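Secondary and tertiary structure notes
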Amino acid sequence: MVEINIKDGDAGQRLNKYLMKYLSLAPSSFVYKMLRKKNIVLNDKKAQGDEIIKSGDVIKLYLADETIAKFKGDKGLVTSDKSWVTNLSRNLKILYEDSDIMAVHKEPGILSQKANKEDYSINEAIVDYVASSDSYNHSETFKPSVCNRLDKNTSGIILAGITLKGSQYLSRVLKDRSIDKYYFTIVKGELKNNITCEAYISKDSDKNLSKVITCEDFITMNKHGDLNFRDYSKIVTEFIPISTNKKSTLLKIKLITGKSHQIRAHLKHLGFPLAGDMKYGDKTYNSYMKDKYRLKTHLLHAGIVKLSDNLVINDPLPEIFIKICEGEKLDVKSII
């Protein structure tokens, strides 16, 4: 017999879903049969499987150890061998954390989530960090997971759910856009006034390249029966100039929608390419930034996430960002 004490990290899900994760190799018919026969009980009572489990609940499995081992598989999150924890997870810069969510800083060059099996991303670092820490109520069935993505060379705030409840909350507020996300960048050219721009974006996945068109062009494509219009999604971005020296502008950007490469492709479309952006940028401007400041990647930083009036997460600008602002005499004092 195995007794499972439900902790906060596993609360809020249906009993049957929890059991199918816990006994991950078992067919669902086996789980339901064990519930019917009271070989699996919830709080010492027969359960149907649709009950929502709470912190403090107790699940008892009156099954042979061999049966549990057979169907459970090696899905445990916690291990006594902590030697596998990498430098990235050990040096994770945590900007905010509570019992359900975490916000961490991502450096340029680090993936938000792995693209290939051998990759080690910020997501794996968070999982390893939580697993190696004694400060968390580890879940038997839920692994922490990032809920927003940043491009590989974009720095800044990554949000992660460290419990099912936290992951559901972040997924919901990101989907319904009830949180505010602000980015910072330096672009070529002079932008004087705040603008909120609507446009349409389409991504060529093979080339990993996004294209932005005006709302008028989208309407024309639709009107003329061009089926390519179906590949486009509406985007909305607010651009807030902070300082300009006429050659460059320091921008604060509110991301209202969140499509892949939205900021970079939208700014290219408007004629204000990002500093250091080799995909959407200006070659001469990039060479200037590289030669003078050794800027090797595009300069884009996810610096502020406002989850509520009482919870605003800040990630200070990287040193290279401040160095360029000072060198170009862009007033950065208001955001550092």
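Conventions we followed
- Residues numbered from 1 in each chain as written.
- Predicted model: local features only at pLDDT ≥ 70, side-chain atom pairs only at ≥ 80, totals over all residues.
- Heavy atoms only, no water.
- Helix = DSSP H or I, 4+ residues; strand = E, 2+ residues; numbered from the N terminus.
- Buried < 20%, exposed > 50% of the residue type's maximum accessible area, 1.4 Å probe, protein only.
- Contact = heavy atoms within 4.5 Å.
- Areas by Shrake-Rupley, 256 points an atom, 1.4 Å probe, with all protein chains shown as cover.
- Lys, Arg positive; Asp, Glu negative; His and termini not counted.
- Charge placed at Lys NZ, Arg CZ, Asp CG, Glu CD.
- Core = buried A, V, L, I, M, F, W, Y, C linked by side-chain atoms within 4.5 Å.
- Salt bridge = Lys/Arg side-chain N within 4 Å of Asp/Glu carboxyl O.
- Phe/Tyr/Trp six-rings, centres within 6.5 Å; stacked < 30°, edge-to-face > 60°.
- Axes fitted to C-alpha atoms, helices over the stretch in contact; angles between N-to-C directions.
- Parallel < 35°, antiparallel > 145°, perpendicular 65-115°, else oblique.
- Left-handed = near helix turned anticlockwise from the far one by under 90°.
- Nonpolar A, V, L, I, M, F, W, Y, C, P; charged D, E, K, R; others polar.
- Patch = residues over 30% accessible without salt bridge, like charges linked within 9 Å, V, L, I, M, F, W, Y side chains within 5 Å.

1. Some details on the overall build of the protein chain
- Looking only at helices and strands, the protein chain features 10 helices and 15 strands.
- When each of the 336 residues of the protein chain is scored for burial, the buried share is 46%.
- At a minimum sequence separation of 6, the contacts of the protein chain that also span at least 24 residues come to 66%.
- A total of about 17,800 Å² of accessible surface is found on the protein chain, and carbon and sulfur atoms cover 46% of it.
- Of the side chains in the protein chain, 54 bear a positive and 42 a negative charge, and the two mean positions are spaced by 3 Å.

2. Details of the nonpolar core
- Core analysis: the largest hydrophobic core is formed by 27 residues, its most contacted members being Met102, Ile126, Tyr183 and Leu267.
- Considering every element that reaches this core, the biggest residue donor is helix H5 (residues 122-132), with four residues.
- Ile126 has contacts with Leu92, Met102, Val104, Pro144, Val146, Ile158 and Ala160, leaving out every residue within four places of it along the chain.

3. Quick look at the pattern of salt bridges
- Tallied over the full model, the rule gives 11 salt bridges.
- Across the salt bridge formed by Asp44 and Lys60, the nearest N and O atoms sit 3.0 Å from each other. Remark: Lys60 occurs in strand E4 (residues 58-61) and Asp44 occurs in the loop between strand E2 (40-42) and strand E3 (45-46); sequence separation between them is 16 residues.
- For Asp44, a relative accessible area of 54% gives the class exposed.
- Look at Lys60 and you get buried, because its relative accessible area is 15%.
- The shortest N-O distance in the salt bridge between Glu198 and Lys234 comes to 3.3 Å. With Glu198 in strand E10 (residues 195-204) and Lys234 in strand E12 (residues 233-244), this pair connects stretches of sequence that are 36 residues apart.
- Overall, the relative accessible area of 44% leaves Glu198 in the partly exposed class.
- With relative accessibility at 39%, the residue Lys234 sits in the partly exposed group.
- What emerges from the salt-bridge pattern is a single network uniting Asp151, Arg264 and Asp277.

4. Examining the packing of aromatic side chains
- Scanning all chains against the criterion turns up four aromatic pairs.
- Ring geometry for Phe30 and Phe71: centres 4.7 Å apart, planes at 50°, overall tilted. Highlighted residues: Phe30 in helix H2 (residues 28-36) and Phe71 in helix H3 (residues 65-72), separated in sequence by 41 residues.
- On the basis of relative accessible area, Phe71 is assigned to the buried category, the value being 12%.
- Ring pairs connect the aromatic residues Tyr200, Phe218 and Phe229, which therefore count as one cluster.

5. Details of the packing of helix H1 (residues 15-22) against H2
- At a minimum axis separation of 10 Å, H1 and H2 run at an interaxial angle of 120°. By the angle class used here, H1 and H2 are oblique. In terms of crossing hand, the pair formed by H1 and H2 is right-handed. Where H1 approaches H2, its residues Leu15, Asn16, Leu19 and Met20 are matched on the opposing element by Ser28, Val31, Tyr32 and Leu35.
- Across the contact of H1 with H2, the residue classes tally to six nonpolar, two polar and no charged.

6. A few points about a positive patch on the surface
- On the surface, Lys33, Arg36, Lys37, Lys38 and Lys46 cluster together into a patch of positive charge.
- Structurally, the position occupied by Lys46 is in strand E3.
- Judged by its relative accessible area of 48%, Lys46 falls in the partly exposed class.

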